[in-house]
Structure formats: structure tokens, C-alpha cells
Amino acid sequence: MEGFNPCLDCGICCTHFRISFYWAEADDTSGGFVPADMTEKLNHTLRCMKGSNQVPRRCSGLAGTVGEKVACTIYANRPTPCREFPVYFDDGTPNPKCDELRATIGLPPLPHAPLPRAA
């Protein structure tokens, strides 16, 4: 499983959730990093990724075909919700929400991730 990244063949979370975050994460503010032109204003404190605020959803940062081969075009600058959604928990168990979403597009559940070996 070394080098295994289930997100590169899935991407369903990028088409399921409204990806909303604190407005100051956008790069049109001091210290912001999310490309502002890929976001839209929700209210005076929140923005969201374009494409994720209406149904059908698809984040403007997602490239590729969901369930086959995908990539986040702003991975290094993705917003906090994307950084905080765990595919695996600290003990190596898959996130059940991730498995639930994967099932909706015919992908199998994730295997249990082996924990790193101590040196």
C-alpha cells in the first residue's frame, strides 16, 4: 500500500459537499492561500469553492473523471475543509463517510491502512 492514494481515483467528496470556509483563507486577503477567483461569497464571513454551492456539485478545483482518475488543481492551496476531511483516521481505519461516498460511484471500501513501523 506504500504510495497508495485512494483520492486519485475517487474525487467523490469534491462533488458531494459544499466546500465552505472562512473568507480570509482566499488569496485576495493578507495571508490567504485559496485562489479567490475559484470561490464565491456565501455571506460576510464565509466563501465556498465555485461549483460546490449548487446541485449537481463539482468543485472548480477538481480535474478529471470522478471514480477513475482525478486531481485537485489547487491541492497545495486547498481550503481548510479539504485539508481536514480524513480518508483514514489516526489508527489506520478508513473514514466510514469516505467509504459511503465511494460506494455511490461503485468504488470498493478502502482497505485498513497499516500503521508506520517504528524505527
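Residues numbered from 1 in each chain as written. Predicted model: local features only at pLDDT ≥ 70, side-chain atom pairs only at ≥ 80, totals over all residues. Heavy atoms only, no water.

- The name that an unreviewed UniProt entry assigns to the chain is Ferredoxin, with the source organism given as Thauera aromatica K172.

## Quick word on the pattern of salt bridges
Stage number 1. A full pass over the atoms with the stated rule returns 3 salt bridges.
Stage number 2. Between Glu100 and Lys97 there is a salt bridge, with its nearest N and O atoms 3.2 Å apart. On the criterion of helical spacing, the pair formed by Glu100 and Lys97 is a turn pair, its members being 3 residues apart in helix H2 (residues 96–104).
Stage number 3. Taking the relative accessible area as the measure of exposure, Glu100 reaches 46% and is therefore partly exposed. (Salt bridge = Lys/Arg side-chain N within 4 Å of Asp/Glu carboxyl O. Helix = DSSP H or I, 4+ residues; strand = E, 2+ residues; numbered from the N terminus. Buried < 20%, exposed > 50% of the residue type's maximum accessible area, 1.4 Å probe, protein only.)

## Some words on the side chain of Arg47
Stage number 1. Structurally, the position occupied by Arg47 is in strand S3 (residues 46–49).
Stage number 2. Polar contacts involving the side chain of Arg47 include one to the side chain of Asp28, which spans 2.7 Å. (Polar contact = N/O pair within 3.5 Å; in protein donor to acceptor, adjacent residues only side chain to side chain.)

## Focus on the environment of Cys10
Stage number 1. By the secondary structure assignment, Cys10 is in the segment before strand S1 (20–22).
Stage number 2. Ignoring any residue separated from it by four or fewer positions in sequence, one finds Cys10 in contact with Val66, Gly67, Val70, Arg102, Ile105 and Leu107. (Contact = heavy atoms within 4.5 Å.)

## Quick notes on unusual backbone geometry
Stage number 1. Of the consecutive residues Val55 and Pro56, the connecting peptide bond is found in the cis state with omega at 0°.
Stage number 2. Turning to its location among the elements, Pro56 is positioned in the loop between S3 and strand S4 (62–65).

## Comments concerning H2
Stage number 1. Looking at H2, one finds that the buried residues are Cys98, Asp99, Leu101 and Arg102. Taken around the axis of H2, the buried residues stretch over an arc of 165°, which confines them to a single face. Exposed and facing more than 90 degrees away from the buried side of H2 are Pro96, Ala103 and Thr104.
Stage number 2. Looking one or two residues past H2, Gly106 carries a phi angle of roughly 80°, positive in sign. (Arc of directions from axis to C-beta.)

## With respect to the pairing of S4
Stage number 1. As defined by bridge partners, S4 adjoins strand S5 (residues 69–72) across 4 bridges and the pair is classed as antiparallel. The residue bridging Thr65 from the neighbouring strand is Lys69, located in S5.
Stage number 2. The hairpin turn running from S4 into S5, its antiparallel successor, is 3 residues long, and Gly67 in that turn takes a positive phi close to 85°. (Pairing = 2+ DSSP bridges.)

## Concerning the packing of aromatic side chains
Stage number 1. According to the stated counting rule, one finds 2 aromatic pairs in the structure shown.
Stage number 2. Here Phe17 and Phe85 contribute two aromatic rings whose centre-to-centre distance is 5.7 Å and whose plane-to-plane angle is 55°, an arrangement assigned as tilted. In this pair, Phe17 is assigned in the segment before S1 and Phe85 in the loop between helix H1 (80–84) and H2, connecting sequence segments 68 residues apart.
Stage number 3. We classify Phe17 as partly exposed; its relative accessible area is 29%.
Stage number 4. Given a relative accessible area of 24%, Phe85 falls into the partly exposed group.
Stage number 5. Relative to Trp23, the ring of Tyr22 has its centre 5.7 Å away and its plane inclined at 55°; by these criteria the two rings are tilted.
Stage number 6. On the basis of relative accessibility, which here comes to 47%, the residue Tyr22 falls in the partly exposed class. (Phe/Tyr/Trp six-rings, centres within 6.5 Å; stacked < 30°, edge-to-face > 60°.)

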